[in-house]
Amino acid sequence: DSGVTQTPKHLITATGQRVTLRCSPRSGDLSVYWYQQSLDQGLQFLIQYYNGEERAKGNILERFSAQQFPDLHSELNLSSLELGDSALYFCASSVLAGGWGEQFFGPGTRLTVL
Amino acid sequence: SQQGEEDPQALSIQEGENATMNCSYKTSINNLQWYRQNSGRGLVHLILIRSNEREKHSGRLRVTLDTSKKSSSLLITASRAADTASYFCATDIQGGSEKLVFGKGTKLTVNP
């Protein structure tokens, strides 16, 4: 158990809809990272937040947004969903602000868009 | 294409044998990490090796890094059925855009 929690575990929705994925980092970790894992694209970094502020941005679509709240939990919002958004979405956390060291991954949310 | 690419894509061995996986990358890095993922689950960090290090050990794991060849290898000695998983290398690109870039992974099967 990494100490990172993600909800929900599974999500099934329709094209055009909007969903919110939630992540709670390990106790003491200020950085939260979001990743998307799909069969064709592999594991792609989406975005990082550190102590409430956006720190780094990866391959995140404009239809996707994220935020980190004062209690350090984070939410990833996916809107106008398309079939191709079906994937595993992982949240990870670390103590680091900058640089890329050890990250602790949550169990993931499996999103299915029908 | 991917910054880091693992080789082979799949590897099947018997329990007790050693498993070697390779990772090649394209641009200079600050560090390279290896992660393990059991089927459909979250990734688990195994080891981080910095660009100025050549070899690192952790238990049954041995990682080497050759920056001149832009490659790394992960050796798992005396493998066990519980080592069955996918293994990913992840690179932190020097002077590049801020992100950790994962390869597509090597799927290791250890047969009892």
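In the block above lies the structure referred to throughout.
Residues numbered from 1 in each chain as written. Chains lettered and ligands numbered in written order. Predicted model: local features only at pLDDT ≥ 70, side-chain atom pairs only at ≥ 80, totals over all residues. Heavy atoms only, no water.

## Examining the state of the cysteines
All names here are of chain B.
- Enumeration according to the criterion identifies two disulfides over all chains in this entry.
- Each sulfur of the disulfide joining Cys23 and Cys89 lies 2.0 Å from the other. Sign of the S-S torsion, about 65° for the bond between Cys23 and Cys89, identifies this disulfide as right-handed. Within this pair, whereas Cys23 is found in strand E3 (residues 19-25), its partner Cys89 is found in strand E9 (residues 85-93), the two being separated by 66 residues in sequence. Like Cys89, Cys23 is buried. (Disulfide = S-S within 2.5 Å. Helix = DSSP H or I, 4+ residues; strand = E, 2+ residues; numbered from the N terminus. Buried < 20%, exposed > 50% of the residue type's maximum accessible area, 1.4 Å probe, protein only.)

## Thoughts on the packing of aromatic side chains
- Tallied over the full model, the rule gives eight aromatic pairs over all chains.
- For the pair A:Phe105 and B:Tyr35, a centre-to-centre distance of 5.6 Å together with 75° between the ring planes defines the contact as edge-to-face. Separated into two different chains, A:Phe105 in strand E10 (residues 104-105) and B:Tyr35 in strand E4 (residues 29-37) make up a pair that spans both.
- Between the aromatic rings of A:Phe105 and B:Phe102, the centroid separation amounts to 6.3 Å while the plane-to-plane angle is 90°, which identifies the pairing as edge-to-face. Of this pair, A:Phe105 sits in strand E10 while B:Phe102 sits in strand E10 (residues 100-102), on two different chains.
- A residue is classified by how much of its surface remains accessible, and A:Phe105, at 3% relative accessible area, is buried. (Phe/Tyr/Trp six-rings, centres within 6.5 Å; stacked < 30°, edge-to-face > 60°.)

## Quick look at the layout of surface pockets
- Computed from the structure, the largest pocket encloses a volume of approximately 720 Å³.
- By residue class, the composition of the lining of the largest pocket is six nonpolar, 14 polar and five charged.
- Surrounding the second largest pocket, 16 residues form its lining, A:Asp1, A:Ser2, A:Phe105, B:Gly42 and B:Val44 being those nearest its centre.
- The set of elements that each furnish at least two residues to the lining of the second largest pocket consists of E10 of chain A together with strand E5 (43-50) of chain B. (1 Å grid on protein atoms, 1.4 Å probe; cavity = no way out; pocket = protein on both sides within 12 Å on 5 of 7 lines; lining within 4 Å. Points joined across faces, edges and corners; volume = space filled by probe spheres on them. Nonpolar A, V, L, I, M, F, W, Y, C, P; charged D, E, K, R; others polar.)

## Brief notes about the interface of chain A and chain B
- Tallying the contact residues gives 23 residues for chain A and 18 residues for chain B.
- Of the roughly 1,500 Å² buried between chain A and chain B, counting both surfaces, carbon and sulfur atoms make up 50%.
- The largest per-residue losses of area from chain A upon contact with chain B belong to A:Leu43, A:Trp100 and A:Phe105, which jointly make up 38% of the total buried on that side.
- Counting the contacts that link chain A with chain B gives zero salt bridges.
- Inspection of the region where chain A meets chain B yields four residue pairs in polar contact (both at pLDDT 80 or more). (Contact = heavy atoms within 4.5 Å. Buried area = accessible area lost by both parts, 1.4 Å probe. Salt bridge = Lys/Arg side-chain N within 4 Å of Asp/Glu carboxyl O. Polar contact = N/O pair within 3.5 Å; in protein donor to acceptor, adjacent residues only side chain to side chain.)

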